[in-house]
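For reference, the chains in residue letters:
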Amino acid sequence: MIAYDLIGETPLVLLESFSDENVKIYAKLEQFNPGGSVKDRLGKYLVEQAIEEGRLHRGDTIVEATAGNTGIGFAIAANRYQLNCVIFAPEGFSEEKISIMRALGADVKRTVKAEGMIGAQQVARQYAKDTQSIYMNQFETAHNPDAYTNTLGKELTDELNHIDYFVAGAGSGGTFTGVARHLQPLGVKNYIVEPEGSILNGGPSHAHATEGIGSEKWPDFLEKSLVEGIFTISDQHAFDNVKAIAKQEGLLVGSSSGAALQGALELKNQINKGIIVTIFPDGSDRYMSKQIFNYKENENNE
C-alpha cells in the first residue's frame, strides 16, 4: 500500500452520547483520509477521470476555486500524477487549509472575500483559459457526485445492514447527491444540512462562519428528487456541537460536522425509531485560527 491508497474506507462510528435505544446516529469520520477531509475522494476521482478521458496529462496544470478542502484533495492527486495545481481561495477562510495546500505544492492565490466562491470561480475559470490550463470545475461537473456514489455510498451500506435516514451538509452538493443516489433506491430518506446564509431552503444569502457547506445558488447537479428535507443550522448550534462532540465523544471535528450533527438531532426529534447516518467531513485542527472551540455569535470571528 502507498499513502495515496489511504483515501476512502474511513471509520464509521456510533455516536453513543447522541443516540438512544430507539434512534441510533452514526457518523462517517472523513478526517481519516490522508488530506484530512471527504474532499480527498473528490480530488482523486476528478483528476483520474480527466486522465482517463485524455483531457489531462503529466505536466499539465489543474485549476480550481475552493475554500480549502477540495484544494487539498486536488493537491494530493496532482502530486500523485505529476501535475501542477493552482488554487483560487477567497480571503477569510481557514489559514490552516491554505498552509496545507501550499505544503502539498499547490500555488494558492487569494480572491476578494466579498465576492465569495462565485467570484473565485470566475477568476479561476479566466485564469485557466488565459494559461491553457484545465479548470476542474467542481461546482458544475457531473463527475462530482460520481466520486461518492461508488465509494462513500457503498461503504455505508457495506458497513451497516440497514439505514433509514441519511443526513449530510451540502456545499457543491456532490457528497449529498452521490451518496443519496446510492441510498434512495434502498428506501433511505435523505436530508440536507446547510448553514444560515445558504439559500437552499429559501433563506437570504449572507456570510456564515460554518465553513465547507452552504450555497449561493442551487448547485447544478443537486437533484431535488433526492431531497426529503433541508435543515438550516445556525453557526452557534454548529460550533456548540463541535465542543459537545469533543467532550462527549472524544472526536475533534470541524464546524460542518457540528452542523451535520444538529441536522441529525433535529431529525431524531421528528421520528420515533430508526438508524441515522451522517458525514463528519473534516477535523477541528484546520480551524484553530478561527477559534473553533470559542465561537460566540455576533463577535468578530475574522
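Please read these numbers as outputs of a predicted model, since none were measured by experiment.

## A few points about the packing of helix H2 (residues 69–80) against helix H3 (residues 95–103)
Where H2 contacts H3, the two axes come as close as 9 Å, and the packing angle between them is 10°. Regarding the angle of H2 to H3, the classification is roughly parallel. Across from Asn-69, Gly-71 and Ile-72 in H2, the residues of H3 making contact are Lys-97, Ile-100 and Met-101. Per-class residue counts for the contact of H2 with H3 are three nonpolar, two polar and one charged.

## Quick notes on the sheet that holds strand S6 (residues 134–135)
Each strand in a sheet pairs with another by means of backbone hydrogen bonds, the pair being arranged parallel or else antiparallel. Across the sheet, four strands lie side by side as S5-S4-S3-S6; this open sheet has parallel pairing. Pairing within the sheet leaves two strands with one partner each, and these edge strands are strand S5 (107–111) and S6. Two elements, strand S4 (residues 84–90) and S5, share five bridges in a ladder whose sense is parallel. Each bridged residue has a counterpart across the sheet, and for Phe-88 the counterpart in S5 is Lys-109. Packing against the sheet, H2 makes contact with strand S3 (61–65) and S4, and its axis sits at approximately 175° to S4.

## So, unusual backbone geometry
Phi angles above zero are rare outside glycine, and Glu-9 is one such case at about 55°. Its relative accessible area of 62% is what places Glu-9 among the exposed residues. Positive phi values are uncommon outside glycine, yet Gln-132 reaches one of about 55°. Here Gln-132 shows up in the loop between helix H4 (116–131) and S6.

## Some remarks on the UniProt feature "domain: Tryptophan synthase beta chain-like PALP" (unreviewed entry) in the chain
Feature annotation in UniProt assigns "domain: Tryptophan synthase beta chain-like PALP" (unreviewed entry) to the following positions: residues 5–282. For residues 5–282, the helix share is 38%, the strand share is 19%, and the end-to-end C-alpha distance is 18 Å.

## Looking at helix H7 (residues 235–249)
Between the first and last C-alpha of H7 there are 20 Å, a value that for 15 residues agrees with the 21 Å anticipated at 1.5 Å per step. For H7, every residue scored as buried is listed here: Asp-235, Gln-236, Ala-238, Phe-239, Asn-241, Val-242, Ala-244, Ile-245 and Glu-249. Positioned one or two residues after H7, Gly-250 has a phi angle of 70°, which is positive.

## A closer look at the sheet that holds strand S10 (residues 274–280)
Pairing within the open sheet is mixed, and its six strands lie in the order S1-S2-S10-S7-S8-S9. Edge positions in the sheet fall to strand S1 (12–14) and strand S9 (229–233), since each of these pairs with one other strand and no more. Neighbour-to-neighbour, the strand axes of the sheet open up by a mean angle of 25°, direction not taken into account. Where strand S8 (residues 189–195) lies against S9, five bridges are found, and the strand directions are parallel. Note that in S9 the partner of Val-193 across the bridge is Phe-231.

Basis of the calculations
- Residues numbered from 1 in each chain as written.
- Predicted model: local features only at pLDDT ≥ 70, side-chain atom pairs only at ≥ 80, totals over all residues.
- Heavy atoms only, no water.
- Axes fitted to C-alpha atoms, helices over the stretch in contact; angles between N-to-C directions.
- Helix = DSSP H or I, 4+ residues; strand = E, 2+ residues; numbered from the N terminus.
- Parallel < 35°, antiparallel > 145°, perpendicular 65-115°, else oblique.
- Contact = heavy atoms within 4.5 Å.
- Nonpolar A, V, L, I, M, F, W, Y, C, P; charged D, E, K, R; others polar.
- Pairing = 2+ DSSP bridges.
- Buried < 20%, exposed > 50% of the residue type's maximum accessible area, 1.4 Å probe, protein only.
- UniProt positions renumbered as here; feature names shortened; annotations may be inferred.
- Expected span 1.5 Å × (residues − 1).

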